[in-house]
Amino acid sequence: MTNYIEPLVQESTPSIIADKLRKAIGHGELKPGTQLGEAELARKLGVSRGPLREGMQRLTQEGLLVAIRNRGLFVVDMTPDDVRDMYLAREAVERAAARKILEGRYAAAGQELIDIVTEMAAAWTPSAVGELDIKFHETLVRLADSPRLSRMHQTFITETRMCIHALEETYSASEVRIEEHLQLATAIQKGEAALTDQLLVAHMDDAIARLTNR
């Protein structure tokens with residue numbers, strides 16, 4: 001397992017610290033409900049408390065950390081309502097990204113996404129499929145070439161990883177996920193805007209159902 005809470009090997013800036021913590025949260029190294037102790041984190045990261053506080057403040061603003069009065073900072077615990085709200089926001093970002101892609105070189109974009117689906121089909125473990133699932137959606141938004149959409153999407157992807165790690169048993173139907181991604185990538189490759197939008201909405205609804213176990 002990759003450890004993200006370790007000494008930094010480059011300049012210690014709040015953004016680098018925030019990225020380290022974001023990855024640690026997304027990959028389950030810092031689990032939901034975990035309290036973040038400044039002294040211990042500063043020691044593990046090899047940084048002073050000033051930049052660490054700034055980095056943690058960024059994640060608080062993103063909603064990944066929550067401050068509890070007289071207790072401290074904690075990793076957010078995703079409830080079913082949180083999952084539904086996060087996917088509502090993710091859906092808005094990814095539908096916008098897909099529309100942007102379909103205005104340009106959609107055939108090449110679709111093929112890049114199909115290549116990721118091929119990797120998913122060859123993956124051996126649910127966790128590997130899960131990471132490729134994430135890669136698919138990160139690539140979808142990146143291909144829209146919109147820095148603002150990518151910035152917003154970053155937080156949602158971290159929250160998605162948290163959900164998948166916590167609820168992998170209800171989200172492990174790999175063959176269904178692979179087929180959904182293939183249909184979506186193919187629709188994009190063919191430039192079918194209405195179908196792409198319809199499939200994205202259905203895909204998000206299916207993810208909510210799996211992750212909230214309803």
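First things first, this report covers the structure right here in the doc. (Residues numbered from 1 in each chain as written. Predicted model: local features only at pLDDT ≥ 70, side-chain atom pairs only at ≥ 80, totals over all residues. Heavy atoms only, no water.)

**Looking at the pairing of strand S3 (residues 72–75)**
Put simply, the rule is: Any two strands between which DSSP finds at least two bridges are classified as paired. Here a helix means four or more residues in a row that DSSP labels H or I, a strand means two or more in a row labelled E, and each is numbered from the N terminus.
Taken together, the 2 bridges between strand S1 (residues 35–36) and S3 define a ladder with antiparallel strand orientation. Pairing of Gln35 across the sheet is with Phe74, part of S3. Where strand S2 (residues 65–68) and S3 come together, 4 bridges link them in antiparallel fashion. When the sheet's bridge partners are listed, Ala67 is paired in S3 with Leu73. Between S2 and S3, which pair antiparallel one after the other, the connecting turn spans 3 residues, and Asn70 there sits at a positive phi close to 65 degrees.

**Concerning the layout of surface pockets**
To be explicit about the condition: A 1.4 Å probe that fits into a set of points on a 1 Å grid over the protein atoms alone but cannot get out defines a cavity; an open set with protein on both sides within 12 Å along at least five of seven lines defines a pocket, and lining residues are those with an atom within 4 Å of a point. Grid points are joined across faces, edges and corners, and a volume is the space filled by probe spheres set on the points. Gly is put with the polar residues, along with every residue not named as nonpolar or charged; the nonpolar set is Ala, Val, Leu, Ile, Met, Phe, Trp, Tyr, Cys and Pro, and the charged set is Asp, Glu, Lys and Arg.
The volume enclosed by the largest pocket comes to roughly 240 Å³. In this structure, the largest pocket is lined by 14 residues; those nearest its centre are Glu138, Gln154, Ile157, Thr158 and Arg161. Every element with two or more residues in the lining of the largest pocket is listed here: helix H1 (14–26), helix H6 (126–142) and helix H7 (147–166). Per element, the largest residue contribution to the lining of the largest pocket is 6 residues, and it comes from H7. When its residues are assigned to classes, the lining of the largest pocket shows 2 nonpolar, 6 polar and 6 charged.

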